[in-house]
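So the chains spell out like this:
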Amino acid sequence: MTELKQVRWGIIGCGAVTEKKSGPGFKKANHSSLVAVMRRNGKLAEDYAKRHHVPKWYDDAKQLIADEEVDAIYIATPPAHHLEYVEEAAKVGKPVYVEKPMARSFKECEMMIEVCEEANIPLFVAYYRRSLPRFLKLKDIIDSGVIGDINFVSSIQYRPANEEEKNKDNPPWRVIPEIAGGGLFFDLASHTLDVLDFLLGPIEQATGFASNQKRLYEAEDIVSGTYNFASGAHGIGTWCFSTFGHMDNNEIVGTKGKLVFSTFGHEPIKLVTDRYEEEWTFERPEHIQQPHIQSIVDELLGHGKCPSHGNSAARTNWVMDQLVKEYYK
């Protein structure tokens, strides 16, 4: 791969997630720029380019990938297209940054890793919480030994179905398994499972149950699972997307204390021991992926390391596959 001094990005799939969460971060990160965007609807691609002051737009992904002024590719499409675009980028030797979940299945993740290794290009994944101060603080606390050896972690997330998800004639892609890999569990719980991998290390055993309780769409709407970490810690989680209210809570319990935090919320993270309690509050970044994008740019320029690569992200897909495999067999 050619040595870079500035990373010029091209986005494949300039949809909603790129409007604020990620897109502007490519322009605001140091030594980074956004030079091209692509969407199959050319009018929408052109509109995005004009509004965000991006020099080029395409309605063909292969043309963007082949553009000599594009150094690295951000794939922000639904998971069904991640593998094919990674393969195309690998053919021309360009680094890729892929939205989460990494793919529809662990098998597809393995294929993506293989083509990138063969092409000698890095594969990054948008588990951007690994780069946020909030979760770095959690890791520092755990690594400091304040809560002792980790015994177990419990996670629970639930919310009601929204009106879009209730539309049986035209459901959103996130609840269409052929596109998303599964239902909202794949889209949302993947963040929690990746955070736990980041904080506690890999999960090596997992089993679960998935069901469709409300039958609003084809995909599962509730998943419960148990898992064991390589460290010896146990885990349990439930994710439900058809309830009456909202909950997003994780507890990591050790021999000396516990940590309480949410995956998606911004309330304080809380440390509880038998001697004292302490809380920390963090501001939400304007463009939540920007710190993660900066870590990718730094790695590509040779003076840093991104905490989310294909191998770590694939582990999350493996766990999700284990938890829903009976539903999709």
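Everything below is about the structure printed above this text.
Here the structure is a predicted model, which means the values were calculated and not measured.

A. How the structure looks around the environment of Pro268. Along the chain, the position of Pro268 falls in the loop between strand S12 (257–261) and strand S13 (269–273). Using a relative accessible area of 31% as the deciding quantity, one classes Pro268 as partly exposed. Once the C-alpha coordinates of Pro268 and Glu279 are considered, the two residues, 11 residues apart in sequence, prove to be 5.8 Å apart. Once you skip the residues sitting within four places of it in the chain, Pro268 turns out to touch Arg134, Val260, Glu279, Trp280 and Thr281.

B. Examining the pattern of salt bridges more closely. For the structure on display, the rule yields 21 salt bridges. In this structure, Arg8 engages Asp71 in a salt bridge whose closest nitrogen and oxygen atoms are separated by 2.9 Å. With Arg8 in strand S1 (residues 7–12) and Asp71 in the loop between helix H4 (61–66) and strand S4 (72–75), this pair connects stretches of sequence that are 63 residues apart. Since its relative accessible area comes to 30%, Arg8 is described here as partly exposed. Under the relative-accessibility criterion, Asp71 is labelled buried at 13%.

C. Quick peek at the side chain of His287. Among the secondary structure elements, His287 is positioned in the loop between strand S14 (277–280) and helix H10 (290–300). Assessed through its relative accessible area of 6%, His287 is described here as buried. Side-chain polar atoms of His287 contact the side chain of Lys28, separated by 2.9 Å.

D. Unusual backbone geometry, seen in detail. A cis geometry characterises the amide bond from Lys100 onward to Pro101, with omega recorded as -15°. Mapped onto the elements, Pro101 comes out in the loop between strand S5 (96–98) and helix H6 (106–119). Although it is not a glycine, Asn120 sits at a positive phi angle of roughly 60°. Here Asn120 is to be found in the loop between H6 and strand S6 (123–125). Judged by relative accessible area, which is 62%, Asn120 ranks as exposed. You will see that Arg215, though not glycine, has its phi angle at about 55°, which is positive. Secondary-structure assignment places Arg215 in the loop between strand S8 (203–211) and strand S9 (222–229).

E. Geometry of the sheet that holds S12. The eight strands lie next to each other as S8-S9-S10-S7-S11-S12-S13-S14, forming an open sheet whose pairing is mixed. Both outer strands of the open sheet, S8 and S14, are each paired with one neighbouring strand and no more. The sheet shows a mean angle of 10° between the axes of neighbouring strands, taken without regard to direction. Here four bridges tie S12 to S13, and the two strands are oriented antiparallel to one another. Its bridge partner being in S13, Lys258 is matched across the sheet by Val272. Relative to S8, helix H11 (residues 310–328) is tilted by about 35°, and along the sheet it contacts S8, S9 and strand S10 (234–240).

F. Molecular detail of the packing of aromatic side chains. The tally for this structure, following the rule as stated, stands at 11 aromatic pairs. Where Tyr227 meets Phe229, the ring centres are 6.1 Å apart and the plane angle is 80°; that geometry is what we call edge-to-face. Overall, the relative accessible area of 2% leaves Tyr227 in the buried class. Judged by relative accessible area, which is 1%, Phe229 ranks as buried. In textbook terms, an aromatic cluster arises when at least three aromatic residues are bridged by ring pairs, as seen for Trp9, Phe26, Tyr74 and Tyr97. The side chain of Lys139 reaches across the aromatic face of Phe198, ending 5.3 Å from its centre.

G. Here's a closer look at the sheet that holds S6. Pairing is parallel across the open sheet formed by six strands, whose spatial order is S3-S2-S1-S4-S5-S6. Both outer strands of the open sheet, strand S3 (56–58) and S6, are each paired with one neighbouring strand and no more. In this sheet, adjacent strand axes meet at a mean angle of 25° when their direction is disregarded. Sheet analysis places S4 next to S5, joined by three bridges and oriented parallel. Residue pairing for S5: Ile75 is matched across the bridge by Val98.

H. Up close: the packing of H6 against H11. Contact geometry of H6 with H11 gives a least axis separation of 8 Å together with a crossing angle of 165°. One element, H6, and the other, H11, form an angle in the roughly antiparallel class. Handedness of the H6/H11 crossing: left-handed. Two secondary-structure elements touch here, H6 through Phe106, Cys109 and Ile113 and H11 through Gly310, Asn311, Ala314, Asn317, Trp318 and Asp321. Here the residues of the contact of H6 with H11 sort into five nonpolar, three polar and one charged.

Scoring rules and cut-offs
Residues numbered from 1 in each chain as written. Predicted model: local features only at pLDDT ≥ 70, side-chain atom pairs only at ≥ 80, totals over all residues. Heavy atoms only, no water. Helix = DSSP H or I, 4+ residues; strand = E, 2+ residues; numbered from the N terminus. Buried < 20%, exposed > 50% of the residue type's maximum accessible area, 1.4 Å probe, protein only. Contact = heavy atoms within 4.5 Å. Salt bridge = Lys/Arg side-chain N within 4 Å of Asp/Glu carboxyl O. Polar contact = N/O pair within 3.5 Å; in protein donor to acceptor, adjacent residues only side chain to side chain. Pairing = 2+ DSSP bridges. Axes fitted to C-alpha atoms, helices over the stretch in contact; angles between N-to-C directions. Phe/Tyr/Trp six-rings, centres within 6.5 Å; stacked < 30°, edge-to-face > 60°. Lys NZ or Arg CZ within 6 Å of the ring centre and 35° of its normal. Parallel < 35°, antiparallel > 145°, perpendicular 65-115°, else oblique. Left-handed = near helix turned anticlockwise from the far one by under 90°. Nonpolar A, V, L, I, M, F, W, Y, C, P; charged D, E, K, R; others polar.

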